Amino acid sequence: MSHFTLTRRHVLMGMAAAGAIPGASFAQGSEPVPGGTLKVSHSTRIATLNVLSNSGPAEYPCMDMLYSGLTRMGFDNQPQPDLATEWTANDDATEFTFSLREGVTFHDGTPFTADDVVATYETILNPDVPSAARSVLTMVESVKAVDDLTVKFTLAAPFADLPYSTAHANARILSRAALEDDISKLDTTANGTGPFKLDTYDSARMVRLVKNENYYKPGQPYLDAVEMMLFPDLAAETANFLSGETDVMLTVQQADYERIASSSGIEGQQIGAGRYVCVVMRQDQEPWNDVRVRKALGMAIDRQLMVDIILEGLGRPAYDSIVAPELEFATDKPEIAYDPEGARALLAEAGYPDGLDVTLIASDRPAIRAQAAIVMQQTAAAAGFNLEIRTMPHDTYLAEEWMQGDFYIGYWGMQPTIDATYNLLLTSDASYQDTEWKNEEFDSLIQQGRSTANPEERAEIYAQAQALELEDKPYIVPFFEDVLTASRENVHEWSVAPISRFYFVEDVWMDQA
Amino acid sequence: MRKILKSPTGLIGTVLLAIVFFVTVFGPWVAPYDPQAFDPINRLAGPSLQHWLGTDQYGRDLFSRMLNGAPSTVAFGLGATLLGVGVGSIIGVIAGVAGGRTDSIIMRILDGMLAMPELLFTLLIVTFLGGGTTQAMLAVAVTFTPGMARIARSSVLSVRTREYVLAAQARGESQSWIVGREVLPNALGPIIVEATIRVSFAIMIGATLGFLGLGAQPPSTEWGLMVAESRQFMFRNPWCVAVPGLAIAITAMGFNLFGDALRDAFDPKRSH
């Protein structure tokens, strides 16, 4: 089953790379059939439809259906054309020109123009409006409409990854009219350019979206409607999906995956992604200031066991780099074997021949943090690490330990680029810098990577940066978690991008009885 | 004691409690495995000769974990009850003995606290204090206090006007002597009975808090937490939920039945 899924995913990836040619869906060798209502179950509330600021796991698919951005992240983790058909950058990556798609209209029938793009980005960059995409667009100095179908971005500093930033799930294009109106209306209404229009919004029960007849991909979407059904109880969600009440289970828990995916008439998908747990070892504190101690702990962790026990095998061991293998310019990381004897020797060399007693902090949410701590405690004991686990409520953790404590468990989602990954955690001025690693050479490499447009040079720069990370081991990263979803067999082309914010529901179709 | 053993409920309750106390005292020593040791090959296994009650999601031996969790779970129930009963009785006796305005003020405040459902009130306190075993125990104790105070007060009131108390007053004994030697010993029965029954509630609330993630924290072997941690795996190995669940049920039932029998034994009207 998983073998099949993998090949299917590659087919999807290939498709996305080909630029999502309309009608190119050739899974199972049959042509897409229009019609049908897709029922998607999810377990978290769709609390708001405000695309500028929402962040719920079930809110992302809605945004992907209701709105379009300039660019959109494909299943191959590369930005691909959406409302912008093409883009060019100047040599030092400080000016980007986007050409916009012709003849696109918003759901209410008003035409989409460059002015809407300008209005959207001005709102995103306005510090008075809460917007999740601002952090990846801080370098944007101005956005100008050259003509009705051309937009020019001028950046304050070179930034080669701008097309990734414009693909941010919260950087979707709104109409100027909607933005100049009361912004709180965006919470419950939506006037986008996406493949589906909002029909019913009931955050406590169901959000229903219907086909946008005027979507820019001709003949798409195939589905008449999509119903996002809320099941606050996981057992109820699973039971409804297995009995055929719903067609797609947005997120499947690791513990249930095997049972669900092996049920008849159901296809589970396991998508390699970059969500990870990391162990923070603050380097301005004893004993973590000694790289040998960090390396010893890295050797004292049985990564495969963690994948098997915590992720039920639905993930991959990672080797102490926060860069997921899916990212562009990611290098192959050498395997770190579980070697308690070697770890003990290294620990002795670092001045701890009798082992080390340390307290590892884990927040209680989500449970994976405590689980990781428990497995670490067991496997590291053989190497002389005597870990005492202290779990605490998440709020206490955020207030007292996070970014302050010297030894705790972090948990992060996948970022779209290496630049975003490192600037989140590891550069000296990273948003959530919590290791005190602060390596100047690393910082300058990341800066160089930003301002280099040539892909080969960038690959070289990022390879050096990753080598530095491996050498100094600012974090221990034991594994990457797969994204898990499941659909019934009569649903075709359902998938999730590794970054789990992009779904391409317009390509989905269902067998008609 | 003989009276208790005569009734079937009393007998069952006593036997269950005896088992529970045996496990509480000796459990951690007789456990066949380290309760935290992994056995990755035998994850989520059913009962076998190797693992008598099966294993959980990490391959930890459920029998050993259950035995190991007994002291903390039972201690939680007893501790919370003792604290709640102690404080509640003191307040109740003060109110009952003092009477008049003091009594009115104390009882009105307690009535206000009683208006809140027990579990909700506990949750509120735990949310306020933060999670953890000690906090959860405090929260349960605080929740128990108003009810216990009411019972203590009413039994003090019923004793206060008895002839032997009046006689002591006529003899000119001091107030504290009367309370300590005449009132309290005779008012103690209902309090003890209520306390025994409350232990079972305390254990259940403690397990509930553990289940909700507000009580004991992983990798603790507290039973409620064990249920919570393995709930996800219920469909793959029902034993990992059933074992700690049954343990909670047996302990709670033991205290409850014993308390019932104790009440019957203390009640002269029912002894014929």
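Counting from 1, residues in each chain are numbered in the order their sequence is written. Here the convention is simple: chains get letters from A, ligands get numbers from 1, in the order in which they are written. Only residues with pLDDT of at least 70 are given local features in this predicted model, and only at 80 or more are side-chain atom pairs given and counted; all residues enter the totals for whole chains, interfaces and linings. The side-chain numbers reported here are obtained from all heavy atoms of the structure, hydrogens and water having been left aside.

- Looking at an unreviewed UniProt entry, one finds chain B named Peptide/nickel transport system permease protein, with Allosediminivita pacifica as its source organism.
- Quoted verbatim from the Sequence similarities (unreviewed entry) field of UniProt, the annotation for chain B is "Belongs to the binding-protein-dependent transport system permease family."
- In UniProt, chain B has this text filed under Subcellular location (unreviewed entry): "Cell membrane". UniProt positions are given in the numbering used here, feature names are shortened, and annotations may be inferred rather than shown by experiment.

- As annotated in an unreviewed UniProt entry, chain A carries the name Peptide/nickel transport system substrate-binding protein and comes from Allosediminivita pacifica.
- Under the UniProt heading Sequence similarities (unreviewed entry), the note attached to chain A is "Belongs to the bacterial solute-binding protein 5 family."
- As its UniProt record puts it under Subcellular location (unreviewed entry), chain A is described as follows: "Periplasm".

Focus: the overall build of chain A
Part 1 of the argument: Per the secondary structure count, chain A includes 15 helices and 20 strands.
Part 2 of the argument: Its C-alpha atoms give chain A a radius of gyration of 24 Å, within 12% of the compact-globule value 24 Å for 513 residues.
Part 3 of the argument: Projected onto its principal axes, the C-alpha positions of chain A cover 75 × 55 × 40 Å.
Part 4 of the argument: Should any heavy atoms of two residues lie within 4.5 Å, those residues are considered in contact. Expressed as a percentage of contacts within chain A between residues at least 6 apart in sequence, the contacts between residues at least 24 apart total 71%.
Part 5 of the argument: Carbon and sulfur atoms make up 48% of the accessible area of chain A, which amounts to about 19200 Å² in all.
Part 6 of the argument: Taking the average place of the 36 positive charges on the side chains of chain A and the average place of its 77 negative ones, the gap between the two points comes to 3 Å. Comment: elements are numbered from the N terminus, with helices defined as DSSP H or I runs of at least four residues and strands as E runs of at least two. Just to be clear, the radius of gyration here is over C-alpha atoms, and the globule rule we use is 2.2 Å times residues to the power 0.38. We get accessible surface area from the Shrake-Rupley algorithm with a probe of 1.4 Å; when it comes to residues, only the shown protein chains can shield them. Neither His nor the chain termini are counted; the positive set is Lys and Arg, and the negative set is Asp and Glu. In plain terms, the charge of a residue is placed at NZ if it is Lys, CZ if Arg, CG if Asp and CD if Glu.

Topic: the interface of chain A and chain B
Part 1 of the argument: Contacts between the two partners involve 18 residues from chain A, matched on the other side by 18 residues from chain B.
Part 2 of the argument: Summing the contributions of chain A and of chain B, the shared interface buries around 1600 Å²; its carbon and sulfur component is 58%.
Part 3 of the argument: Whenever a carboxyl oxygen of Asp or Glu lies within 4 Å of a side-chain nitrogen of Lys or Arg, that contact is scored as a salt bridge. One salt bridge in this structure joins Arg-236 of chain B and Glu-312 of chain A, with 2.9 Å as the shortest N-O distance.
Part 4 of the argument: Polar contacts, as used here, are pairs of N or O atoms within 3.5 Å; protein pairs need one atom able to donate a hydrogen and one able to accept it. Residues neighboring in sequence count only if both atoms are side-chain atoms. Run the count over chain A and chain B and you get 6 residue pairs in polar contact (both at pLDDT 80 or more).
Part 5 of the argument: Sort the elements by how many residues they give to the side of chain A that touches chain B and helix H11 (residues 367-381) of chain A lands first, with 6 residues.
Part 6 of the argument: Under the grouping applied here, Gly and all other residues not named as nonpolar or charged are polar, the nonpolar ones being Ala, Val, Leu, Ile, Met, Phe, Trp, Tyr, Cys and Pro and the charged ones Asp, Glu, Lys and Arg. Here the residues of the side of chain A that touches chain B are counted per class, giving 8 nonpolar, 5 polar and 5 charged. Buried area: the accessible surface (1.4 Å probe) lost by two parts on joining, summed over both.

Quick notes on the nonpolar core
In summary, soluble globular proteins display a tendency toward joint burial of nonpolar side chains.
Residue and element names in this part refer to chain A.
Part 1 of the argument: Working definition of a nonpolar core: buried Ala, Val, Leu, Ile, Met, Phe, Trp, Tyr and Cys residues. They are joined through side-chain atoms within 4.5 Å. Buried means the residue's accessible area, taken with a 1.4 Å probe over protein chains only, is under 20% of the maximum for its type, while exposed means over 50%, and partly exposed covers the values in between. Membership of the largest hydrophobic core comes to 107 residues, with the highest contact counts inside it found for Leu-38, Tyr-121, Phe-153 and Trp-494.
Part 2 of the argument: Here this core gets 6 residues from one element, more than from any other, and that element is helix H3 (residues 114-125).
Part 3 of the argument: Domains are outlined according to an automatic or database domain assignment. Counting residues domain by domain, this core receives three or more from each of domain 1 (2-247 + 490-510) and domain 2 (273-481).
Part 4 of the argument: Apart from the residues lying within four places of it in its own chain, the contact partners of Leu-38 are Leu-223, Ala-225, Val-226, Glu-227, Asp-247, Val-248, Val-491, Trp-494, Val-508 and Met-510.
Part 5 of the argument: Counting residues in each nonpolar core, the second largest holds 44 residues, with Met-281, Ala-300, Leu-356 and Val-375 among its members.

Regarding the domain arrangement of chain A
All names here are of chain A.
Part 1 of the argument: Assigned domains of chain A: these are domain 1 (2-247 + 490-510) and domain 2 (273-481).
Part 2 of the argument: With centres defined by C-alpha atoms, the gap from domain 1 to domain 2 works out at 32 Å.
Part 3 of the argument: Summed over both sides, the interface of domain 1 with domain 2 buries roughly 1200 Å², with 56% coming from carbon and sulfur.
Part 4 of the argument: Counting the contacts that link domain 1 with domain 2 gives 1 salt bridge.
Part 5 of the argument: A salt bridge links Asp-161 to Arg-458; the shortest N-O distance between them is 3.0 Å.
Part 6 of the argument: If you look at where domain 1 meets domain 2, you find 3 residue pairs in polar contact (both at pLDDT 80 or more).
Part 7 of the argument: Split into classes, the residues belonging to the side of domain 1 that touches domain 2 amount to 8 nonpolar, 2 polar and 3 charged.

Quick notes on the sheet that holds strand S4 (residues 84-89) of chain A
Hydrogen bonds between backbone groups are what pair the strands of a sheet, and the pairing can be parallel or antiparallel.
All names here are of chain A.
Part 1 of the argument: Strands are labelled as partners when DSSP assigns at least two bridges between them. With antiparallel pairing, 4 strands are arranged side by side in an open sheet as S4-S5-S7-S6. For this open sheet the edge positions go to S4 and strand S6 (140-147), each flanked by a neighbour on one side alone. Adjacent strand axes in the sheet meet at a mean angle of 20°, parallel and antiparallel pairs treated alike.
Part 2 of the argument: Note: S6 against strand S7 (residues 150-155), 6 bridges, orientation antiparallel. Within the sheet, the bridge partner assigned to Val-140 lies in S7 and is Leu-155. Only the stretch in contact is used when a helix axis is fitted, and all axes are lines through C-alpha atoms; the angle between N-to-C directions ranges over 0 to 180 degrees.

Here we look at the pairing of strand S9 (residues 206-211) of chain A
All names here are of chain A.
Part 1 of the argument: In this structure, strand S8 (residues 196-202) lies alongside S9, joined through 6 bridges in antiparallel fashion. Across the sheet, the residue bridging to Thr-200 is Arg-208, located in S9.
Part 2 of the argument: Between S8 and S9, which pair antiparallel one after the other, the connecting turn spans 3 residues.
Part 3 of the argument: Pairing geometry for S9 and strand S10 (residues 225-230), over 5 bridges, is antiparallel. Looking at S10, one finds that Leu-209 is bridged to Val-226.

Side note on the environment of Glu-141 of chain A
Residues and elements named next belong to chain A.
Part 1 of the argument: Counting through the fold element by element, Glu-141 comes out in strand S6.
Part 2 of the argument: The class for Glu-141 is exposed, based on a relative accessible area of 57%.
Part 3 of the argument: Sequence-wise, Glu-141 and Glu-95 are 46 residues apart; in three dimensions their C-alpha atoms are separated by 10.0 Å.
Part 4 of the argument: Setting aside its immediate chain neighbours within four residues, Glu-141 contacts Thr-154, Leu-155 and Ala-156.

A closer look at the packing of aromatic side chains
Part 1 of the argument: Each Phe, Tyr or Trp ring (for Trp, its six-membered ring) is paired with any other whose centre lies within 6.5 Å, and the angle between the two planes then decides the class: stacked below 30 degrees, edge-to-face above 60, tilted in between. Under the criterion given, the structure shown has 20 aromatic pairs over all chains.
Part 2 of the argument: Where Phe-98 of chain A meets Phe-153 of chain A, the ring centres are 5.2 Å apart and the plane angle is 65°; that geometry is what we call edge-to-face. Taken as a pair, Phe-98 of chain A in strand S5 (residues 95-100) and Phe-153 of chain A in strand S7 lie far apart in primary sequence, 55 residues in all.
Part 3 of the argument: Judged by relative accessible area, which is 0%, Phe-153 of chain A ranks as buried.
Part 4 of the argument: Aromatic pair Phe-21 of chain B and Phe-255 of chain B: ring centres 6.0 Å apart, planes at 75°, arrangement edge-to-face. Remark: Phe-255 of chain B occurs in helix H10 (residues 239-266) and Phe-21 of chain B occurs in helix H2 (residues 8-30); sequence separation between them is 234 residues.
Part 5 of the argument: When its relative accessible area of 32% is taken as the criterion, Phe-21 of chain B is described as partly exposed.
Part 6 of the argument: When its relative accessible area of 4% is taken as the criterion, Phe-255 of chain B is described as buried.
Part 7 of the argument: Chaining the aromatic ring pairs together yields one cluster made of Trp-87, Phe-98, Tyr-121 and Phe-153 of chain A.
Part 8 of the argument: Definition used: whenever NZ (Lys) or CZ (Arg) falls within 6 Å of the ring centre and also within 35 degrees of the ring normal, the charge is taken to sit over that ring. Between Arg-259 of chain A and the ring centre of Phe-235 of chain B, over which it is positioned, the NZ or CZ distance is 4.0 Å.

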